[in-house]
Amino acid sequence: MFQPCEICGADDWRIAYEGPIRAGGFGQQHEGGRVGRCGGCGVERLDESCSVDAAAYESEAYRAAMGQGLSVEEFFAHADPTQLQNLTALWPHALRGKVVADIGCGAGSFLDHVAGIAARIIAVEPTPLYHDALRARGYAVYPYAADAAKAELASADAAVTFQVIEHVPDPVAFLKDISALLKPGAPLLIATPNRADILMTLLPEEFPSFYYRRVHRWYFDAASLRHAVVRAGFTVQEERFLHGYGMANALAWLRDRRPTGHTRLPGIDRAADAHWKAYLEASGQADTLYLLARNSG
Ligand SMILES: [Zn+2]
């Protein structure tokens with residue numbers, strides 16, 4: 001069913017999940033999803049026969065299938081609200097005067113948030129749809145990290161890659177390409193959905209069919225992400241869990257058994273949200289896993 005693990009090389013898979021998986025927005029499902037867990041590094045991998053082909057990331061059909069809009073404005077509407085969390089995860093690294101690369105930057109939401117202080121911006125994005133808009137803002141644009149590294153070897157002072165590593169066919173090769181783009185010792189901040197998200201525990205029947213999805217090949221916990229990063233030649237500096245949703249989101253999930261976004265519930269105020277987030281972040285059950293690594297190369 002699976003080839004030896006692309007991350008650790010072990011050939012020791014067991015089934016972690018079998019059932020429907022997400023194929024776009026909520027309610028659009030692909031029946032017969034199958035996810036294996038590696039006995040070597042602990043990563044979970046979607047059966048390749050259920051995965052979206054890697055070349056599809058360049059296509060507009062892919063964005064449409066993700067339930068995402070195609071326009072730059074639609075990308076910003078979705079991505080801009082997540083940048084405060086990404087910037088929080090980056091702290092205390094300052095980017096003033098630095099060459100900053102964003103791998104899988106989309107239309108460049110994060111980059112816009114740091115462009116005012118960065119010396120130069122390297123925008124890596126396979127979807128050509130966003131290239132003109134990125135270039136118009138003065139960013140150097142490349143489709144893949146390998147292209148950027150070829151043109152600008154070891155030139156970046158810092159790199160980020162948010163919600164991308166779970167899509168790529170070979171995470172270690174992906175990280176090695178980023179390593180080649182970075183200066184020795186430069187930081188890399190990675191974000192990916194956290195497999196230990198509290199909703200996986202609270203809703204073991206309903207949430208996995210939403211969490212597992214055709215466009216995500218890989219499902220990391222902290223240990224397996226660490227494994228991939230070290231294998232690619234980085235040193236792990238820090239891992240951190242950050243949660244984007246308040247307490248009302250989890251309660252509404254439990255009540256309605258479906259995603260409800262940033263809904264409000266009577267009696268659940270911002271103080272409750274803050275306590276809830278702090279608890280999940282401290283206990284490793286937040287929705288997003290961040291890892292800060294340093295390039296050893
Ligand atoms: Zn493995």
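Everything numeric in this text was worked out from a predicted model, so none of it was measured. (Residues numbered from 1 in each chain as written. Predicted model: local features only at pLDDT ≥ 70, side-chain atom pairs only at ≥ 80, totals over all residues. Heavy atoms only, no water.)

This paragraph deals with the sheet that holds strand β8 (residues 187-193). What links the strands of a sheet is backbone hydrogen bonding, and the strands pair in either a parallel or an antiparallel sense. Here we have seven strands laid out as an open sheet, ordered β6-β5-β4-β7-β8-β11-β10, and mixed in their pairing. Since the sheet does not close on itself, it has two edges, and those belong to β6 (140-142) and β10 (234-242), each with one partner. Averaged over all neighbouring strand pairs, the angle between strand axes comes to 15 degrees, with direction disregarded. Bridge count between strand β4 (residues 99-103) and strand β5 (residues 120-124): five bridges; the pairing is parallel. Note that in β5 the partner of V99 across the bridge is R120. Against the sheet, helix α3 (residues 83-90) touches β7 (158-162), β8, β10 and β11 (288-295), its axis set at about 135 degrees to β10. Here helix α10 (residues 222-231) sits on the sheet in contact with β8, β10 and β11, set at roughly 155 degrees to β10. (Pairing = 2+ DSSP bridges. Helix = DSSP H or I, 4+ residues; strand = E, 2+ residues; numbered from the N terminus. Axes fitted to C-alpha atoms, helices over the stretch in contact; angles between N-to-C directions. Contact = heavy atoms within 4.5 Å.)

Tallied over the full model, the rule gives 15 salt bridges. Note that R195 and E44 form a salt bridge whose closest N and O atoms lie 3.4 Å from each other. Within this pair, whereas R195 is found in the loop between β8 and α8 (198-202), its partner E44 is found in strand β3 (residues 44-46), the two being separated by 151 residues in sequence. With its nearest N and O atoms 2.8 Å apart, the salt bridge here joins R264 to D273. Among the residues examined, R264 registers a relative accessible area of 38% and is labelled partly exposed. (Salt bridge = Lys/Arg side-chain N within 4 Å of Asp/Glu carboxyl O. Buried < 20%, exposed > 50% of the residue type's maximum accessible area, 1.4 Å probe, protein only.)

Our focus in this paragraph is the pairing of β11. The element β11 is largely enclosed, with a buried count of seven among its eight residues. Bridging between β8 and β11 involves seven bridges; their strand directions are antiparallel. Residue P187 lies in a different strand from β11, and its bridge partner there is R294. With eight bridges connecting them, β10 and β11 associate as antiparallel partners. In the sheet register, F241 faces β11, and the bridge partner there is L289.

Time to look at the environment of L292. Of note, L292 is situated in strand β11. Among the residues examined, L292 registers a relative accessible area of 4% and is labelled buried. A C-alpha to C-alpha distance of 4.6 Å links L292 and L189, two positions 103 residues apart in sequence. Each residue touching L292, except ones within four places of it in the same chain, is listed here: H93, P187, L188, L189, T235, V236, Q237 and E238.

Spatially, four strands are ordered β1-β2-β3-β9 in an open sheet, and the strand pairing comes out antiparallel. Pairing within the sheet leaves two strands with one partner each, and these edge strands are β1 (13-22) and β9 (218-219).

Let us look at unusual backbone geometry. Cis peptide bonds are those with omega within 30 degrees of zero, and the linkage from W91 to P92 qualifies with 10 degrees. Position of P92 among the secondary structure elements: in the loop between α3 and β4. Phi at Q163 is positive, roughly 55 degrees, even though this residue is not glycine. For Q163, the location among the structural elements is in the loop between β7 and α7 (171-181). Looking at Q163, the relative accessible area reads 33%, which means it is partly exposed. One non-glycine residue, R257, adopts positive backbone phi at about 60 degrees.

The subject of this paragraph is the nonpolar core. Soluble globular proteins tend to bury their nonpolar side chains together. Counting residues in each nonpolar core, the largest one holds 63 residues, and the members touching the most others are I7, V43, L175, I178 and F220. Of all the elements, α7 adds the most residues to this core, at five residues. For I7, the contacting residues outside a window of four places in its chain are C41, V43, P171, V172, W218, F220, S224, H227, A228 and R231. F75, V114, F162 and L189 belong to the second largest nonpolar core, which has 28 residues in total. (Core = buried A, V, L, I, M, F, W, Y, C linked by side-chain atoms within 4.5 Å.)

Limitation: the analysis is restricted to geometry and does not speak to function.
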